[in-house]
Amino acid sequence: MKTLRSICLAAGLPLAAQGYVDSPDFGGSKVFSEGVNALGNPARYDQCPPGYYLSYQDGDLKAKGNASALEELAKGGDARAALAALASSSWASRTSGYGVTLTQTGLHGSVSRERWNGLTATVDQDPAHLGANQGLNTTTAEILRAEVDRIVFGAGSAEGQSGYGFAVRVERWSYQRRTAALNPAPGQESLSQAPALLDLSGTSSTTTDANLNGGYVVELGKGFRFGLMGDHLIPKTIAGLDLKGQYRAGLQVELGPSARLALEGDLNEATRMPITLPQKALSASLRLAFGPTVGLTVGAERRTLAGSATTTVGATLYWKLPNLSMGFGFRFADDTPLKGLLVRVNS
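Since this is a predicted model, take the numbers as computed values, not measurements.

A. Representation of the nonpolar core within the structure. Leu 73, Leu 119 and Leu 191 are the most contacted members of the largest nonpolar core, which totals 18 residues. Elements that contribute at least two residues to this core include exactly helix 1 (66-74), helix 2 (79-87), strand 5 (107-122) and strand 6 (140-159). In this structure, Leu 119 is in contact with Asn 66, Leu 70, Ser 90, Trp 91, Ala 92, Ala 141, Glu 142, Ile 143, Leu 197 and Leu 198, ignoring residues within four places of it in sequence. Formed by 11 residues, the second largest nonpolar core is a distinct cluster that contains Trp 116, Leu 144, Trp 173 and Leu 243.

Written out as structure tokens, the structure is:
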């Protein structure tokens, strides 16, 4: 049995084997990913030694105040205040997933399965539809349940001061869309069930998508890099959502032999499962090494969807022993934290 690798060391830094935990969610970077994350920068596929990688994640991401607004509606509290709060915090999502990745020098292959639930509210704040006339209120929430089985093959390599890469991704999507309403019509869910709406299960439709990712990294000077990547470059409509390419750029600087700082952000808005709103994000990531055994990444991300923003803080702790290495990641935001796990076992 070959060694299962999940922690790489370069310049003394733990480079996350990132089915998930090296993403900005957990304090890491997407533009300066380290070669294992299927949806990271393909130009970085040559950054991690060959091996097998296992990863898992589970948790929520919600606009600040979304959970309390939905809970207030569910318990029949002050609808006027709850709807006003929901209007400024109109989205929420829940995700879980796991994956297996195999890397060779400059080559990437991975298989993963992910599940999402998303909620996007459209709020009616007309004073004539509140109070005694609340029965006329048209507030609704679109709920999207999506599951994807993803296979990714890619290659990336450095030539001189520059690195290039590409990835082919084949995805089988299963999904269903439901509508919840403050005053539900036949066939609609009730917003009084709001806390459970992100637990929607089952799918009713399927489609297959073949797409491309691309990336570029260049050394601008000693310890100073620029990176650019494109995600889902071929436009596709899935579950009624127009998914177009999203482009992201960043800068990375070495602060010494054991620290790297990365700043990056999306250059355009794009819709991504499971939230039905265009979104973009800015993030910062700091990688630290405390000797050959322990490492830490910490970072923050600000995500904006249709004018509604939320800021999250993430961190991942890496611990390397002779026969077992582990990485534990958390993203702290409104409501349930996102959790990530990464394991390496030597044969």
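Once you've had a look at it, read on.
B. Focus on empty space enclosed by the protein. For the coordinates displayed, the defined rule picks out two cavities of 30 Å³ or more. By volume, the largest cavity is sized at about 1000 Å³. Lining the largest cavity we find 50 residues, and of these Asp 25, Lys 30, Leu 39, Trp 116 and Arg 303 sit closest to its centre. Of all the elements in the fold, those that place two or more residues in the lining of the largest cavity are strand 3 (51-62), strand 4 (91-104), strand 5, strand 7 (162-181), strand 10 (224-231), strand 13 (246-256), strand 16 (275-290) and strand 17 (294-305). The leading source of residues in the lining of the largest cavity is strand 4, at six residues.

C. Looking closely at the pattern of salt bridges. A complete count under the given rule lists 21 salt bridges for this structure. Arg 150 is the salt-bridge partner of Glu 171, the closest N and O atoms lying 2.6 Å from each other. Of this pair, Glu 171 sits in strand 7 while Arg 150 is found in strand 6, placing the two residues 21 residues apart along the sequence. Of the two residues, Glu 171 and Arg 150, both sit in the buried class. Its salt-bridge partner being Glu 254, residue Arg 225 comes within 2.6 Å of it at the nearest N-O pair. With Arg 225 in strand 10 and Glu 254 in strand 13, this pair connects stretches of sequence that are 29 residues apart. Judged by its relative accessible area of 30%, Glu 254 falls in the partly exposed class. Shared partners join several salt bridges into a network, and the residues in it are Glu 114, Arg 150, Arg 169, Glu 171, Asp 231 and Arg 272.

D. Just the packing of aromatic side chains, in detail. Applying the stated criterion across every chain, the model contains three aromatic pairs. When the ring of Trp 116 is compared with that of Trp 173, the centres are 5.6 Å apart and the planes differ by 20°; the resulting orientation is stacked. Remark: Trp 173 occurs in strand 7 and Trp 116 occurs in strand 5; sequence separation between them is 57 residues. For the pair shown, Trp 116 and Trp 173 are each scored as buried.

E. A look at the pairing of strand 4. Looking at chain direction, strand 3 and strand 4 are connected through 12 bridges and run antiparallel. Residue pairing in the sheet places Gly 59 in a bridge with Thr 95 of strand 4. Of the pairings in the sheet, the one linking strand 4 to strand 5 comprises 14 bridges and is antiparallel in character. Within strand 5, the residue paired with Ala 92 across the bridge is Leu 119.

F. Inspection of the packing of helix 1 against helix 2 at higher detail. Where helix 1 contacts helix 2, the axes come no closer than 9 Å and their chain directions differ by 150°. As summarised for this structure, helix 1 and helix 2 are arranged roughly antiparallel, according to the angle between their axes. Read as a crossing pair, helix 1 and helix 2 show a hand that is left-handed. Touching Asn 66, Ala 69, Leu 70, Glu 72 and Leu 73 of helix 1 are Ala 79, Ala 82, Leu 83, Ala 85 and Leu 86, all from helix 2. Considered class by class, the residues forming the contact of helix 1 with helix 2 number eight nonpolar, one polar and one charged.

The rules we used
Residues numbered from 1 in each chain as written. Predicted model: local features only at pLDDT ≥ 70, side-chain atom pairs only at ≥ 80, totals over all residues. Heavy atoms only, no water. Core = buried A, V, L, I, M, F, W, Y, C linked by side-chain atoms within 4.5 Å. Buried < 20%, exposed > 50% of the residue type's maximum accessible area, 1.4 Å probe, protein only. Helix = DSSP H or I, 4+ residues; strand = E, 2+ residues; numbered from the N terminus. Contact = heavy atoms within 4.5 Å. 1 Å grid on protein atoms, 1.4 Å probe; cavity = no way out; pocket = protein on both sides within 12 Å on 5 of 7 lines; lining within 4 Å. Points joined across faces, edges and corners; volume = space filled by probe spheres on them. Salt bridge = Lys/Arg side-chain N within 4 Å of Asp/Glu carboxyl O. Phe/Tyr/Trp six-rings, centres within 6.5 Å; stacked < 30°, edge-to-face > 60°. Pairing = 2+ DSSP bridges. Axes fitted to C-alpha atoms, helices over the stretch in contact; angles between N-to-C directions. Parallel < 35°, antiparallel > 145°, perpendicular 65-115°, else oblique. Left-handed = near helix turned anticlockwise from the far one by under 90°. Nonpolar A, V, L, I, M, F, W, Y, C, P; charged D, E, K, R; others polar.

Read these as geometric descriptors, not functional statements.
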